[in-house]
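In case you want the letters, here they are:
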Amino acid sequence: MGTTVFERDRPSADAVRAMLASSRLAPFWTDDAPGPERPALAGSHRADLVVVGGGYSGLWTAVMAKERDPDLDVVILEARRVGWAASGRNGGFCEASLTHGRENGESRWPEEIDRLDQLGRENLDQIEATVARYGMDVDWQRTGALAVAVEPHQVDWLRDDEGFLDAAGTRALVDSPTYLAGSLSPDDTALVHPAKLARELARVAEELGVRIFERSPVTALEDGPAVRTGDGVVAARKVALATNVFPSLLKRNRLMTVPVFDYSLMTEPLTAAQLGAIGWEGRQGVADLGNQFHYYRLTADDRLLFGGYDAIYYAGGRLKAAYQDRSESYERLASHLLTTFPQLEGIEATHRWAGAIDTSTRFCAFFGSARGGDVAYSVGFTGLGVGATRFGANVMLDLLTGEDTERTRLRMVRERPLPFPPEPLASIGINATRWSLDRADHHEGRRNLLLRTLDRLGLGFDS
């Protein structure tokens, strides 16, 4: 088996330990931008629309429902705190793609992919316009994205790209000795502060008249429909389910996603000398091309976020707090960061954390309605939901109002992916796929029989 650059050029174990020694096990974003406390639901209430989930998906649904009809009475029920889960733990890459990249979308909906790409760009533009319209303090930067080849076989994957750059051109943008080539997409990605985006969407929602209840986990979706928590109930005309990685309130969706844990590090702010050593004046979001890939970016105060690579599924699909503290993943990230930027040796991580991704077999969200059209859902964003959740929220609102729109006519919207198998088959299949992806990274990208079969079936496992 071959070795990768991250194995050939590893820093010392002492350097890795020193980097992590003072880090705090908590998401940097929510530490940096805590939101206000809100009351829990108690007693009986009524509403026109109840949104279950206070992350991006639910918040966009509530905001746009009020924009469509200011007289609508809208309630959000959040089990923990607004933005507590994936919306406060992601890398802050707000991308235009609705299909987890053009290649994935083109393989599934070739007749729609050009329009899907256009709708994705329009959706990103509309997010930017919303940020400006409401004066949202979210550290918005329309930086674009840089894809980098760090192994020789990956260079050919980029050669036909319009934004192709050779090694020198890539390193002129961001200077890493691991870069062999790159591809710059200047306008299809924005960077954002994840927790600030959730906090500001909640602020806007409340200013528009939405009622938000925190620490109100929903225990049942009843006929009517009605949504029940431990201490209260809301009778509603319509319900939007925006629970994503958490177990669905609809039995039909219980096997449609699996929770995959993704790990991240955040460093202390880089000094002027450290920034000078790596360049990065364009502040693009960066990702490499491995099956097990890294994503990284600068924050508004010049910290370096470095995440990805490990995508861990725990048997049974459980969501345990203990899964966030996986020392081998953090050590691997620290090692890979210092391989990518040896100029930064001696830098310290201030935060380390994990978040669970709602992964679907088609790598992007799916949509639908239930209970005679009174309930809608949007789920399965597979790690690309910062921007796409807004599109999904629009789909849910279209479905709940019964509107025949371009969105609801899309085959991408009308079709459902295949489910994951039940346990223990899910664990066996996912772990075999992860092993195969790692093997491909060590064999010049060559995919074995299992991966080729999954490709033909349009199935897979990704973060």
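Basis of the calculations
- The numbers attached to residues start from 1 for each chain and follow its sequence in the written order.
- Residues qualify for local features only when their pLDDT is at least 70, as the model is predicted, and side-chain atom pairs are given and counted only at 80 or more; totals for whole chains, interfaces and linings, by contrast, use all residues.
- Processing note: side-chain calculations cover all non-hydrogen atoms of the structure and skip hydrogens and water entirely.
- Helix and strand labels come from DSSP, where a helix needs a run of H or I of at least four residues and a strand needs a run of E of at least two; each type is numbered from the N terminus.
- Throughout, exposure labels follow a simple rule: accessible area from a 1.4 Å probe, protein chains only, divided by the maximum for the residue type, with under 20% read as buried, over 50% as exposed, and the rest as partly exposed.
- Any two residues whose heavy atoms approach within 4.5 Å are treated as being in contact.
- Accessible areas in this description were obtained via Shrake-Rupley with a 1.4 Å probe; residue shielding takes into account the shown protein chains only.
- Within this scheme the basic residues Lys and Arg register as positive and the acidic residues Asp and Glu register as negative, but His and the chain ends are omitted.
- Charge placement uses NZ in Lys and CZ in Arg. For Asp and Glu, CG and CD serve respectively.
- Helix span is expected to be 1.5 Å times the residue number reduced by one.
- Definition used for salt bridges: Asp or Glu carboxyl oxygen within 4 Å of a side-chain nitrogen of Lys or Arg.
- In this analysis, strands are considered paired if DSSP registers two or more bridges between them.
- Fitted lines through C-alpha atoms serve as axes, helices being fitted only where they are in contact, and the angles separating the N-to-C directions of these axes extend from 0 to 180 degrees.

Student: Tell me about the overall build of the protein, and please be specific about residues and values.
Tutor: The helix and strand tally for the protein stands at 16 helices and 19 strands. For the protein, buried positions account for 56% of its 463 residues. The contacts in the protein between residues at least 6 apart in sequence include a share of 78% that link residues at least 24 apart. Accessible area of the protein: about 18,800 Å², with a carbon and sulfur share of 50%. Where the 52 positive side-chain charges of the protein centre and where its 65 negative ones centre are 6 Å apart.

Student: Kindly report on helix H9 (residues 194-207), identifying the contributing residues and their values.
Tutor: Compared with an ideal rise of 1.5 Å per residue, which puts 14 residues at 20 Å, H9 spans 20 Å between its outermost C-alpha atoms and is within 8% of the ideal. Of all 14 residues in H9, 10 are buried; the element is thus mostly enclosed. Taken as a whole, H9 has its buried residues at Pro194, Ala195, Lys196, Leu197, Ala198, Glu200, Leu201, Ala202, Val204 and Ala205. Where the residues of H9 are buried, they touch helix H3 (28-32), helix H4 (56-68), strand S9 (211-213) and helix H12 (385-401).

Student: Describe the pattern of salt bridges, listing the residues and the values that go with them.
Tutor: Per the counting criterion, the structure on display carries 41 salt bridges. Measuring nitrogen to oxygen at the nearest pair gives 3.4 Å for the salt bridge that ties Glu403 to Arg68. Taken together, the residues Glu403 in the loop between H12 and helix H13 (406-409) and Arg68 in helix H4 connect sequence positions 335 residues apart. For Arg68, a relative accessible area of 36% corresponds to the partly exposed category. Residue Glu444 pairs with Arg446 through a salt bridge whose shortest N-O separation is 3.0 Å. Exposure remark for Glu444: the relative accessible area of 55% places this residue in the exposed category. Through salt bridges that share partners, Glu37, Arg38, Arg81, Glu206, Glu214 and Arg215 make up one connected network.

Student: Describe H12, and please don't skip the residues or the numbers.
Tutor: For H12, built from 17 residues, the straight-helix expectation of 24 Å at 1.5 Å per residue is met to within 8% by its first-to-last C-alpha distance of 23 Å. With 15 of 17 residues buried, H12 lies mostly within the body of the structure. One or two steps after H12, the chain reaches Gly402, where phi turns positive at roughly 75°.

Student: Just give me the short version of the pairing of strand S17 (residues 349-359), but keep the residues and values in it.
Tutor: Buried residues dominate S17, accounting for 10 of its 11 residues. As judged from the 2 bridges shared by strand S1 (residues 24-25) and S17, these two strands associate in the parallel manner. Looking across to S17, one finds that Leu25 is bridged to Arg352. Bridge analysis of strand S13 (residues 258-267) against S17 gives 10 bridges, and the strand direction is antiparallel. In the strand pairing of S17, Leu265 is matched with Arg352.

Student: Can you tell me about the sheet that holds S17, naming the residues and giving the values?
Tutor: In spatial order, the strands read S1-S17-S13-S16-S15-S14-S5-S7-S6; together these 9 strands make up an open sheet with mixed pairing. One side of each edge strand has no neighbouring strand; the edge strands of this open sheet are S1 and strand S6 (164-166). Of the strand pairs in this sheet, S6 and strand S7 (residues 181-185) are connected by 3 bridges, and their pairing is antiparallel. Bridging across to S7, Leu165 finds its partner in Gly182. Helix-sheet contacts for helix H11 (residues 327-340) involve S1, S13, strand S15 (294-298), strand S16 (304-312) and S17, and the interaxial angle to S16 is about 130°.

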